[in-house]
Amino acid sequence: MKKNYRGLLVFVSLLIAFLFIGSATVTYGKEIVRNDYFIQSTDDPEIRIYVREKYNNTTDPKRAGKAVLFCHGATYPGDTFDCPVEGYSWMDYAVNHGYVAYYLDIRGYGRSTRPAVMNEDANKNKPIVRFTAAMEDVDDVVDFIRKRTNVE
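### Side note on the nonpolar core
Now for step 1: In this structure, I49, V51, Y102, L104, V141 and F144 are the most contacted members of the largest nonpolar core, which totals 15 residues.
Now for step 2: Sort the elements by how many residues they give to this core and helix α3 (residues 131–149) lands first, with 5 residues.
Now for step 3: Apart from residues no more than four positions distant in its own chain, V51 is found in contact with N35, D36, Y37, I39, Y102, Y103, L104, V141 and F144.

Written out as structure tokens, the structure reads:
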């Protein structure tokens, strides 16, 4: 009988990520710069969207010429794209290939603002973070990335 350790691996990876938040990462002999931002939502003044940015310390984000945004699904927040185990960070991989890398937490996930209705009984409300709300968050972050990187 095979045991499934995937859930445990995800839990341990996220735990390690939270322990090392705020530190720079050294990968392939280059230092990776990390910045964390909260972007104001344009459709709801109560919502702030969490965004992580990473780039090589020898690169100016405005001159990199290319950027990538990682968007999570309905289960885990964006931390899954930046696992602090060497060789397991999609963000570090992108940075090491010349990109300025970003991920966001859609409202209600990770470090982004939880809409007030999420504090109520789930049986009293329809699902609240629908595709249109998620796309509003993505649009706001894409605008932020365009300003940071000059990438269209």
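### Some remarks on the side chain of T149
Now for step 1: With respect to the element layout, T149 can be found in helix α3.
Now for step 2: Judged by its relative accessible area of 1%, T149 falls in the buried class.
Now for step 3: A distance of 2.7 Å separates a polar atom in the side chain of T149 from the backbone oxygen of I145.
Now for step 4: Sequence-distant contacts of T149, that is, excluding residues within four places in its chain, are made with P61, K62, A67, V100 and Y102.

Criteria and thresholds
- Residues numbered from 1 in each chain as written.
- Predicted model: local features only at pLDDT ≥ 70, side-chain atom pairs only at ≥ 80, totals over all residues.
- Heavy atoms only, no water.
- Core = buried A, V, L, I, M, F, W, Y, C linked by side-chain atoms within 4.5 Å.
- Buried < 20%, exposed > 50% of the residue type's maximum accessible area, 1.4 Å probe, protein only.
- Helix = DSSP H or I, 4+ residues; strand = E, 2+ residues; numbered from the N terminus.
- Contact = heavy atoms within 4.5 Å.
- Polar contact = N/O pair within 3.5 Å; in protein donor to acceptor, adjacent residues only side chain to side chain.

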